[in-house]
Amino acid sequence: MILWICYSSVGASEGIERVDPPQDITDFSLAGIDGKQHRFEDFRGKYLLVNFWAVWCAPCRAEMPSLQRAYEKLSNPGFELLAIHAGPSVETAQQYANQLNLEFPILVDQELALTGWGIRGLPSTFLIDPQGRIIAEAVGERAWDAPGMLKTIADYMRKNRAGI
């Protein structure tokens, strides 16, 4: 049995930390709340902000509106935000997403098959580069739409594109 801790903003850092060296991600296939199967390969070639969360996790629920606003502000053809609900219940995740009018893709890891990502608690968020490598991560609730956070994410993408 996997036991994850929910991390609130209390004691959590404000940013997203570089992963050095970047870590490769293997392909996966998960059901989305849209009724379709989604593979990691479907998103390759873009920067991907992947947020692991669960409806039962209060800090996860608290940060979802800021993720939606960040999604709107960062939206471009080279960027995608993906939320992965940890645990069963496509219906519960869909109800919550509908309640908040979330527009980004939400997948459900019903079997907790993606434990190899090194998730230390929920919410956990990873920035993936277009080659499919984790280049930054954050554990705990964040204000994803805060100007400093948006700038940090944009800087990671700019620096990585430039090979800095």
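The shown structure was predicted, so the numbers you read here are calculated from the model rather than taken from an experiment.

Reading guide: rules and limits
Residues numbered from 1 in each chain as written. Predicted model: local features only at pLDDT ≥ 70, side-chain atom pairs only at ≥ 80, totals over all residues. Heavy atoms only, no water. Helix = DSSP H or I, 4+ residues; strand = E, 2+ residues; numbered from the N terminus. Buried < 20%, exposed > 50% of the residue type's maximum accessible area, 1.4 Å probe, protein only. Contact = heavy atoms within 4.5 Å. Areas by Shrake-Rupley, 256 points an atom, 1.4 Å probe, with all protein chains shown as cover. Salt bridge = Lys/Arg side-chain N within 4 Å of Asp/Glu carboxyl O. Phe/Tyr/Trp six-rings, centres within 6.5 Å; stacked < 30°, edge-to-face > 60°.

**Quick notes on the overall build of the protein**
Thinking step 1. Within the protein one finds three helices and eight strands.
Thinking step 2. Put simply, the protein runs from its N terminus to its C terminus through helices and strands in the order β-β-β-β-α-β-α-β-β-β-α.
Thinking step 3. Buried positions account for 50% of the 164 residues belonging to the protein.
Thinking step 4. In the protein, the proportion of contacts linking residues at least 24 apart, taken out of those at least 6 apart, comes to 73%.
Thinking step 5. Per element, the accessible surface of the protein, about 8,000 Å² overall, is 51% carbon and sulfur.

**Considerations on the pattern of salt bridges**
Thinking step 1. Throughout the structure, instances matching the rule amount to seven salt bridges.
Thinking step 2. Arginine 44 serves as the salt-bridge partner of glutamate 41, at 2.8 Å between the closest nitrogen and oxygen.
Thinking step 3. Of the residues examined, glutamate 41 reaches a relative accessible area of 32% and is grouped as partly exposed.
Thinking step 4. Linking arginine 158 and aspartate 155 is a salt bridge whose minimum nitrogen-to-oxygen distance equals 3.5 Å. Of this pair, arginine 158 and aspartate 155 both sit in helix 3 (residues 147-162), three residues apart, roughly one helical turn.
Thinking step 5. Since its relative accessible area comes to 42%, arginine 158 is described here as partly exposed.
Thinking step 6. The exposure class assigned to aspartate 155 is buried, which follows from its relative accessible area of 19%.
Thinking step 7. Put simply, Lys151, Asp155 and Arg158 are held in one network by salt bridges that share partners.

**Topic: the environment of arginine 18**
Thinking step 1. Relative to the assigned elements, arginine 18 resides in strand 1 (residues 17-24).
Thinking step 2. Judged by its relative accessible area of 47%, arginine 18 is partly exposed.
Thinking step 3. Residues arginine 18 and alanine 136, spaced 118 residues apart in sequence, show a C-alpha to C-alpha distance of 4.2 Å.

**Quick word on the packing of aromatic side chains**
Thinking step 1. The final tally for this structure, using the stated rule, is seven aromatic pairs.
Thinking step 2. Between phenylalanine 52 and tryptophan 117, the ring centres sit 5.1 Å apart and the planes meet at 70 degrees, which makes this aromatic pair edge-to-face. Of the two residues, phenylalanine 52 sits in strand 4 (residues 47-53) while tryptophan 117 sits in the loop between strand 6 (106-109) and strand 7 (124-128), which places them 65 residues apart along the sequence. For the pair formed by phenylalanine 52 and tryptophan 117, the shared burial category is buried.
Thinking step 3. Seen from their ring centres, phenylalanine 52 and phenylalanine 126 are 5.9 Å apart, and the 85 degrees between their planes marks the pair as edge-to-face. Note that phenylalanine 52 is positioned in strand 4 and phenylalanine 126 in strand 7, a separation of 74 residues in sequence.
Thinking step 4. Taking the relative accessible area as the measure of exposure, phenylalanine 52 reaches 1% and is therefore buried.
Thinking step 5. In this structure phenylalanine 126 comes out as buried when scored by relative accessible area, which is 2%.
Thinking step 6. Taken together through their ring pairs, the aromatic side chains of Phe28, Phe40, Phe52, Trp117 and Phe126 make up a single cluster.

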